[in-house]
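Understanding the architecture of this molecule
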Amino acid sequence: MLHPSILALFFASILISLMTVLAAVYGVQILRRWDIASGSELQLVLERRTYLISTIVSYFLVFQLISLFLFIQTADSIYHLFVGAMCAVGTFSVNSFGYPALALKIITFLLAGIWMIVNHADNLGYDYPLIKVKYRLLLLMVPFILAETVLQGLFFFGLKPDIITSCCGSLFSPSERGILNEIVNAPPMPMLVLFYVSSAATVASGVWFYLRGKSIRLFSLLSTVQFFVSLASLVSVISLYIYSMPSHHCPFCILQKEYGFIGYPIYLLILLAAICGVGAGLIERYKKMESLRDKIPSIQRNLVLAGLISVLLLVVISSGYVLLTSFTMG
């Protein structure tokens, strides 16, 4: 399907993939030949290039972050072209590549955010202390980004307007089987309690670290748990209050104008909280490095603060719908 948004998003994805691969090729040379104590010509060349490469990769990964929401918005904007579709669910269900592409975009979103945290910490050190760490992480990202680009292309160019697809109501009905439907149709009240307990535990551990500088790994672990609990709670119970309907569990309709596009800030807060939590825990192991000894604690405090704000805003938004709407579980 030659839709302008599809073409722009796909070619941007190809460009990101090419840039990531080129940076990874350079990264292999870094991993093999980097020696900060050496004064060789090769080492000087590597040092001159690494800042430029890292800066370029950072800009491309910023767009990689944005592309997740552009991908979903594009799918949601063209659902009317397919018979039976009522939102992005219908578009993603047109062929077998939609949801795998979305899953990979979420994974690369998280990896890109974590890479940018590691890169920021590395740039603060005078001796490139994390240069090998960030290029290993970049090498880890390459297959995910390439697979995402391929699946995205297969999905977009496999869209056929004459295909009859599914609406969100049928896809998330209790009669359907699968892990996703088990989560969607989980008992609402226990899931809501789990959401608040998980949020409270994450906030408490974050405040403890912010005040005492201890247990950052606990905060990182709880942030990871909070990520999955928040997503599950959103589709199983919080969405019911947003829609004021007892059986509407769609994770994409909340992105539409009828609901004030509230899904975008909700998903962004969930993702940011996870990135900040995981990133703060990841760089803990490098805080004893000489050039980062005074830098890592400051970075962690900023990440924890950003994570806390994200979780608290998510709770406030969710609670606003739970407490202030006229809908009740009955």
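Structure shown above.
My aim in this report is to walk through the structure given alongside it, one point at a time. The structure displayed is predicted, hence computed values, not measured ones. (Residues numbered from 1 in each chain as written. Predicted model: local features only at pLDDT ≥ 70, side-chain atom pairs only at ≥ 80, totals over all residues. Heavy atoms only, no water.)

A short note on the overall build of the protein chain
Summing up its helical and strand segments, the protein chain has 11 helices and 0 strands in all. Along the protein chain, helices (α) and strands (β) appear in the sequence α-α-α-α-α-α-α-α-α-α-α when read from the amino end. In terms of C-alpha radius of gyration, the protein chain reaches 22 Å, essentially the compact-globule figure of 20 Å for 330 residues. The C-alpha extent of the protein chain, read off along each of the three principal axes, is 70 × 50 × 30 Å. Sequence separation of at least 24 residues holds for 75% of the intrachain contacts in the protein chain that already meet a minimum separation of 6. When the accessible area of the protein chain is evaluated, it comes to approximately 15,500 Å², of which 69% is carbon and sulfur surface. Positive and negative charge centroids in the protein chain, built from 20 and 14 side chains respectively, lie 7 Å apart. (Helix = DSSP H or I, 4+ residues; strand = E, 2+ residues; numbered from the N terminus. Rg over C-alpha atoms; globule rule 2.2 N^0.38 Å. Contact = heavy atoms within 4.5 Å. Areas by Shrake-Rupley, 256 points an atom, 1.4 Å probe, with all protein chains shown as cover. Lys, Arg positive; Asp, Glu negative; His and termini not counted. Charge placed at Lys NZ, Arg CZ, Asp CG, Glu CD.)

Here's the deal with the pattern of salt bridges
Side-chain pairs of opposite charge can arise where the charged atoms are in close proximity. Taken as a whole and assessed by the stated rule, the structure comprises 4 salt bridges. Here lysine 134 and aspartate 122 are joined by a salt bridge, their closest N and O atoms 2.9 Å apart. You can see lysine 134 sitting in helix 5 (residues 131–156) and its partner aspartate 122 sitting in helix 4 (residues 98–124), a full 12 residues away along the chain. Summarising the burial analysis for this pair, lysine 134 and aspartate 122 share the class buried. In this structure, glutamate 290 engages arginine 293 in a salt bridge whose closest nitrogen and oxygen atoms are separated by 3.3 Å. (Salt bridge = Lys/Arg side-chain N within 4 Å of Asp/Glu carboxyl O. Buried < 20%, exposed > 50% of the residue type's maximum accessible area, 1.4 Å probe, protein only.)

Observations concerning the packing of aromatic side chains
Here the structure, examined in full by the defined rule, presents 16 aromatic pairs. With a centroid separation of 6.2 Å and 50° between ring planes, the pair formed by phenylalanine 69 and tyrosine 264 is classed as tilted. Highlighted residues: phenylalanine 69 in helix 2 (residues 41–77) and tyrosine 264 in helix 10 (residues 263–282), separated in sequence by 195 residues. By relative accessible area, phenylalanine 69 is classed as buried at 15%. For the ring pair phenylalanine 155 and phenylalanine 156, a centre distance of 5.3 Å and an interplane angle of 40° mean the geometry is tilted. With a relative accessible area of 0%, phenylalanine 155 lands in the buried category. Put simply, the rings of Phe71, Phe92, Tyr99, Phe155, Phe156 and Phe252 pair up and form one aromatic cluster. Stacked on the ring of tyrosine 210, the Lys or Arg arginine 301 has its end atom at 4.0 Å from the ring centre. (Phe/Tyr/Trp six-rings, centres within 6.5 Å; stacked < 30°, edge-to-face > 60°. Lys NZ or Arg CZ within 6 Å of the ring centre and 35° of its normal.)

Some words on the nonpolar core
Among the nonpolar cores identified, the biggest contains 95 residues, and Val57, Phe71, Phe92, Met141, Leu159 and Phe252 are the most heavily contacted of them. No other element matches the 12 residues that helix 4 contributes to this core. (Core = buried A, V, L, I, M, F, W, Y, C linked by side-chain atoms within 4.5 Å.)

Side note on the packing of helix 8 (residues 188–212) against helix 11 (residues 296–324)
Viewed as axis vectors pointing N to C, helix 8 and helix 11 meet at an angle of 155°, and their least axial separation amounts to 10 Å. If you check the angle between helix 8 and helix 11, you find them roughly antiparallel. Relative to helix 11, helix 8 is oriented so that their crossing is left-handed. Side by side, helix 8 and helix 11 meet where Leu192, Phe195, Tyr196, Ser199, Thr202, Val203, Gly206, Val207, Phe209 and Tyr210 of the first sit next to Gln300, Arg301, Val304, Leu305, Leu308, Val311, Leu312, Leu314, Val315, Ser318, Ser319 and Val322 of the second. Its residues assigned to classes, the contact of helix 8 with helix 11 comprises 15 nonpolar, 6 polar and 1 charged. (Axes fitted to C-alpha atoms, helices over the stretch in contact; angles between N-to-C directions. Parallel < 35°, antiparallel > 145°, perpendicular 65-115°, else oblique. Left-handed = near helix turned anticlockwise from the far one by under 90°. Nonpolar A, V, L, I, M, F, W, Y, C, P; charged D, E, K, R; others polar.)

Topic: the side chain of threonine 108
Mapped onto the fold, threonine 108 is located in helix 4. Accessibility expressed as a relative area gives 1% for threonine 108, which makes it buried. For threonine 108, the side chain forms a polar contact with the side chain of glutamine 64, separated by 2.9 Å. Among the polar contacts made by the side chain of threonine 108, one reaches the main-chain carbonyl oxygen of lysine 105 at a distance of 3.1 Å. (Polar contact = N/O pair within 3.5 Å; in protein donor to acceptor, adjacent residues only side chain to side chain.)

Some details on unusual backbone geometry
Unusually for a residue other than glycine, tyrosine 128 sits at a positive phi of about 50°. For tyrosine 128, the location among the structural elements is in the loop between helix 4 and helix 5. By relative accessible area, which is 23% here, tyrosine 128 ends up partly exposed. For serine 215, which is not glycine, the phi dihedral falls at a positive 65°. Relative to the elements of secondary structure, serine 215 occurs in the loop between helix 8 and helix 9 (216–243). A residue is classified by how much of its surface remains accessible, and serine 215, at 36% relative accessible area, is partly exposed.

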